[in-house]
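Chain residues, written in single-letter form:
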Amino acid sequence: MFLDENDRLEYKEKISNTLPKEIVSFLNTEGGTILEGGTILIGINKKKEVVGVTNVDETMRQISDIITDQISPRCISFVKQSHETINGKDIIKIEIKKGNQLFYIKKFGLSEMGCYVRIGSSCKSLMPDEIKERFIKTLSNSTINIIDIPSRKNNLTFQILKNYLLSNNNHISESTFLENYHLLTKEGKFNYLAELLADKNDIVINVATFASSDKTEYLKREEFGGKCLLLAMEQAKNYVNSINQTFVDVTVTPRKERKMFDTEAFEQAWINACVHNKWSESNHPGIYIYNNRLEIESFGGIPSVLTKEQFLRGKSEPVNKQLFDIFRACNFAEESGHGVPSVVKAYGEEAYIFSEYFIDVVIPFNKEGFNETSRKTTKKQPENIKEEIIKIIKNNGKISRKDLSIILNKTEGSIRHHLNKLQEEKIIKHYGPDKGGYWEVLSNENDD
């Protein structure tokens, strides 16, 4: 006779899309010992009847994928699955220990849809205040470097990263690329820095929009993850800039115009949030847009070697040095400490809200007394697209139209038009097929 479902036991006839939530809820069990958690038995229905699992190996593989790819932080050491036989039928037993951090479904991040706890025989969503409180209590104080954390993936590629590097005049040696940019552990395996910068990954960067000045009226969420951090970060930045409307006061002469928020201050705050985030804990920065402000949240707090005053003056101490070096090589960051002072200049020191494990930047919207115009901000474009294309091709003749469009923030149709013009003007030439061929810049008076 089987026990009824309770706060330590769950029956499932087969794998369903609720399994990640159930695993997370057991990992987040409240209690006094590390041994608390729970057990999930797959192959037993809610009536406690043994129905069995038809394909044990495939089911166990699916469970492994859920454990490794859908839940953060890494929980492998807390979850164990095994195969058992009951009444001649195969079942799978998942034993889950209480975790030492706040675990969540990676797709939804640290949100009500991502964080659960086990209450009786059901899973309860944690509220925003509960999430923050539990996160602070359980956050690991580990200072492990992201280059020492092994990636869970073995087949990573880095074409997007290489394109960024080449477009900023960085030389790349294919034979030493991984070592030069610290993308391997000491054992020669891909590390977490490599995972962050790979063409495809499991990063989730959310931009959430709310209808009011708090989180009570949720409107929508945009995701920019699943790709190289540099590109995901830039796409999130461009999305937020696209809402930066221009306001005009037509009652005075000359008329006054201003943006809803300071573009440079926002961009610098967002870059800092991404490069200095405590990625070693698998926590991702995010942007929250309200009706009167936007907030940028990152994890980790002020570096321990800096005081609050030094931080606000622009004293820089990279949390992730190797990631910072790549940001700098790709022209996203600089060592002068310009980012924080630019935010303070625009919005004062009160724009920064500090806690032991978080840094929030609050940027108020500038609307009062002004009327909205129909103009919206546009993505900053290079002054001369042709010159930029020539420069990139000189560094990387094998670059694709798609990659050019990503780097230059242009549509592929626009890139194709400029490439055709450059070919007509005999400035560049393409050799070989569209896929697998290469570009060459011809010698003429336009060359340096």
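Presented here is a report on the structure given in the accompanying data block. (Residues numbered from 1 in each chain as written. Predicted model: local features only at pLDDT ≥ 70, side-chain atom pairs only at ≥ 80, totals over all residues. Heavy atoms only, no water.)

In this model, helix α14 (residues 412–424) (13 residues) spans 18 Å end to end at C-alpha, consistent with the 18 Å of a helix rising 1.5 Å per residue. Here α14 has its buried residues at Ser414, Ile415, His418, Leu419 and Leu422. All buried residues of α14 project into a common sector of 135° when viewed along the axis, lining one side. (Helix = DSSP H or I, 4+ residues; strand = E, 2+ residues; numbered from the N terminus. Expected span 1.5 Å × (residues − 1). Buried < 20%, exposed > 50% of the residue type's maximum accessible area, 1.4 Å probe, protein only. Arc of directions from axis to C-beta.)

Across all of its chains, the model carries two cavities of 30 Å³ or more by this definition. In this structure, the largest cavity occupies an estimated 60 Å³ of space. If you trace the largest cavity, you find eleven residues lining it, with Arg152, Tyr192, Glu195, Asp202 and His284 closest to the centre. For the lining of the largest cavity, the leading source of residues is helix α6 (residues 192–197), giving three residues. Among the residues making up the lining of the largest cavity, the classes are represented as three nonpolar, four polar and four charged. (1 Å grid on protein atoms, 1.4 Å probe; cavity = no way out; pocket = protein on both sides within 12 Å on 5 of 7 lines; lining within 4 Å. Points joined across faces, edges and corners; volume = space filled by probe spheres on them. Nonpolar A, V, L, I, M, F, W, Y, C, P; charged D, E, K, R; others polar.)

It is worth spelling out the packing of helix α1 (residues 19–27) against helix α2 (residues 56–69) at this point. Relative orientation of the contacting elements α1 and α2 amounts to 60°, with a least axis distance of 10 Å. Taken together, α1 and α2 sit at an angle that is classed as oblique. The interaxial crossing formed by α1 with α2 has right-handed handedness. Of α2, the residues touching α1 (which contributes Leu19, Pro20 and Ile23) are Ile63, Ile66 and Ile67. Looking at the contact of α1 with α2, its residues break down into six nonpolar, no polar and no charged. (Axes fitted to C-alpha atoms, helices over the stretch in contact; angles between N-to-C directions. Parallel < 35°, antiparallel > 145°, perpendicular 65-115°, else oblique. Left-handed = near helix turned anticlockwise from the far one by under 90°. Contact = heavy atoms within 4.5 Å.)

Before going further, it helps to spend a moment on the layout of surface pockets. The gaps left among the atoms become clear once a water-sized probe is rolled over them. Considering only enclosed or pocket space, the second largest pocket measures out at about 850 Å³ in volume. Lining the second largest pocket are 32 residues, and of these Leu110, Ser111, Lys215, Tyr288 and Glu297 sit closest to its centre. Of all the secondary-structure elements, those providing two or more residues to the lining of the second largest pocket are α3 (128–138), β9 (206–210), β10 (218–223), β13 (286–289), β14 (293–299) and β16 (358–364). For the lining of the second largest pocket, the element with the most residues is α3, which contributes five residues. Considering only residue class, the lining of the second largest pocket consists of 17 nonpolar, six polar and nine charged.

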